[in-house]
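Fold and geometry: a report
Here is what each chain is made of, one letter per residue.
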Amino acid sequence: MKTILYSILLTLFGTICACNQNSPQVKNSQPGPKPLKPDTVKSSEVYFRGSGTEPFWGLEISEQKIVLNLLEDSIIVKTPIPHTINGVQNFTAEENGQKLMLNIRKGDCSDGMSDKIYPYTLKVSYQKNRAQQASILNGCGAFVGNVQTNFSKP
């Protein structure tokens, strides 16, 4: 009985050792993300993020598009050329029946859920289609890292 038990244990130990010797060692050869610099921002990279609560929503701006993520879906429009009126940065875009108007104002903003203070306040007005009435969202935002490319600060 002891002989059979020792044989089983020895076989099991040998199998485990053999498996470990043949398994390749995986190394993370990918370097960590580098901080973005204004002169190296790609057009697809997000340079400004905003969010709000009640309802929860998120906003990302890149040189190519603005994405408004809502609980039930998203609105995606091409990033228009912003214009500034009285220190407020304004974006207005209409695409595929969707309309988005975004106002970004410099000023401390609290999201009401955390102790974090954001440097910009946001007001978003959107329509998912022309038949729908516009909805308005308020929230906070900030540049990603130190990137402020092609975005004149209000």
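Reference entry: report on the structure contained in this document. Remember, predicted model here, so these are calculated numbers, not experimental data.

Attention now moves to the overall build of the protein. When you go through the protein residue by residue, the secondary structure sums to one helix and nine strands. From first element to last, N terminus to C terminus, the protein shows the α and β order α-β-β-β-β-β-β-β-β-β. When the 154 residues of the protein are sorted by exposure, 30% land in the buried category. Taking all contacts inside the protein whose residues are at least 6 apart in sequence as the whole, residues at least 24 apart take part in 38%. Accessible surface, the protein: about 10,700 Å² in total, of which carbon and sulfur atoms supply 54%.

So, on to the sheet that holds strand S1 (residues 46-52). Across the sheet, which stays open at both edges, the nine strands sit in the order S4-S3-S2-S1-S9-S8-S7-S6-S5 with antiparallel pairing between neighbours. Taken across any chain shown, the strands that pair with only one partner, and hence form the sheet edges, are strand S4 (74-78) and strand S5 (83-85). The sheet shows a mean angle of 25 degrees between the axes of neighbouring strands, direction not considered. One ladder, built from eight bridges, connects strand S6 (residues 88-95) with strand S7 (residues 98-110); its direction is antiparallel.

A few words now on the packing of aromatic side chains. Taken as a whole and assessed by the stated rule, the structure comprises three aromatic pairs. Their ring planes at 70 degrees and their centres at 5.8 Å tell us that phenylalanine 48 and tyrosine 120 sit as a pair that is edge-to-face. Here phenylalanine 48, found in strand S1, pairs with tyrosine 120, found in strand S8 (residues 117-127); they are 72 residues apart in sequence, far enough to count as distant. Assigned by exposure class, phenylalanine 48 and tyrosine 120 land together as buried.

Our focus in this paragraph is the environment of threonine 53. Checked against the element boundaries, threonine 53 lands in the loop between S1 and strand S2 (57-62). Spatially, the C-alpha atom of threonine 53 lies 8.0 Å from that of methionine 113, the residues being 60 residues apart in sequence.

To continue, consider the pattern of salt bridges. Applying the stated criterion across every chain yields a total of four salt bridges. Ionic pairing is found between glutamate 94 and arginine 130, a salt bridge with its closest N-O pair at 3.3 Å. Remark: arginine 130 occurs in the loop between S8 and strand S9 (135-143) and glutamate 94 occurs in strand S6; sequence separation between them is 36 residues. Taken together, the shared-partner salt bridges in this structure form one network comprising Glu72, Asp73 and Lys128.

A few words now on the pairing of S9. Strand direction decides the pairing type here: S1 and S9, joined by four bridges, are antiparallel. The residue of S9 that forms the bridge with serine 51 is cysteine 140. When S8 meets S9, the two strands line up antiparallel, connected through seven bridges. In the strand pairing of S9, valine 124 is matched with leucine 137.

What counts as what
Residues numbered from 1 in each chain as written. Predicted model: local features only at pLDDT ≥ 70, side-chain atom pairs only at ≥ 80, totals over all residues. Heavy atoms only, no water. Helix = DSSP H or I, 4+ residues; strand = E, 2+ residues; numbered from the N terminus. Buried < 20%, exposed > 50% of the residue type's maximum accessible area, 1.4 Å probe, protein only. Contact = heavy atoms within 4.5 Å. Areas by Shrake-Rupley, 256 points an atom, 1.4 Å probe, with all protein chains shown as cover. Pairing = 2+ DSSP bridges. Axes fitted to C-alpha atoms, helices over the stretch in contact; angles between N-to-C directions. Phe/Tyr/Trp six-rings, centres within 6.5 Å; stacked < 30°, edge-to-face > 60°. Salt bridge = Lys/Arg side-chain N within 4 Å of Asp/Glu carboxyl O.

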